[in-house]
Amino acid sequence: MLERVEAEVFLALAEELHFGRTAERLHLTTGRVSQVVRKLERRIGGPLFDRTSRSV
């Protein structure tokens, strides 16, 4: 089951396609957004987003 913050981060990042804007929108740090995404990816066993150092 997804925690509320996990669902919020996933949906916001899917809309924003930018870790910084997602963090701003949710009043989190970019590190926390990254941490939540990594946790979700470990849980499902693969990447949720195609990303580079410059884009999501």
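Presented here is an overview of the structure given in this document. Since this is a predicted model, take the numbers as computed values, not measurements.

1. Describing unusual backbone geometry
- Positive phi, normally seen in glycine, also occurs at leucine 17, with a value near 55°.
- Note on placement: leucine 17 falls in the loop between helix H1 (4-16) and helix H2 (19-26).
- A residue is classified by how much of its surface remains accessible, and leucine 17, at 43% relative accessible area, is partly exposed.
- Positive phi outside glycine occurs at histidine 27, with the angle close to 60°.
- Within the secondary structure, histidine 27 is located in the loop between H2 and helix H3 (30-44).
- Overall, the relative accessible area of 74% leaves histidine 27 in the exposed class.

2. Considering the pattern of salt bridges
- Tallying each qualifying case throughout the model produces eight salt bridges.
- The residue glutamate 3 makes a salt bridge to lysine 39 at a minimum N-O spacing of 3.3 Å. Linking glutamate 3 in the segment before H1 with lysine 39 in helix H3, this pair joins segments that are 36 residues apart in sequence.
- Judged by its relative accessible area of 35%, lysine 39 falls in the partly exposed class.
- A salt bridge links arginine 25 to glutamate 16, with the shortest nitrogen-to-oxygen separation between them at 3.1 Å.
- The exposure class assigned to glutamate 16 is partly exposed, which follows from its relative accessible area of 24%.
- Because the salt bridges share partners, they merge into one network encompassing Glu3, Glu6, Lys39 and Arg43.

3. So, the environment of phenylalanine 19
- Considering the arrangement of structural elements, one finds phenylalanine 19 in helix H2.
- Sequence-wise, phenylalanine 19 and glutamate 3 are 16 residues apart; in three dimensions their C-alpha atoms are separated by 19 Å.
- Residues in contact with phenylalanine 19, not counting those within four places in the same chain, are Leu13, Thr30, Val33, Ser34, Val37, Arg51 and Val56.

Reading the values: rules and limits
Residues numbered from 1 in each chain as written. Predicted model: local features only at pLDDT ≥ 70, side-chain atom pairs only at ≥ 80, totals over all residues. Heavy atoms only, no water. Helix = DSSP H or I, 4+ residues; strand = E, 2+ residues; numbered from the N terminus. Buried < 20%, exposed > 50% of the residue type's maximum accessible area, 1.4 Å probe, protein only. Salt bridge = Lys/Arg side-chain N within 4 Å of Asp/Glu carboxyl O. Contact = heavy atoms within 4.5 Å.

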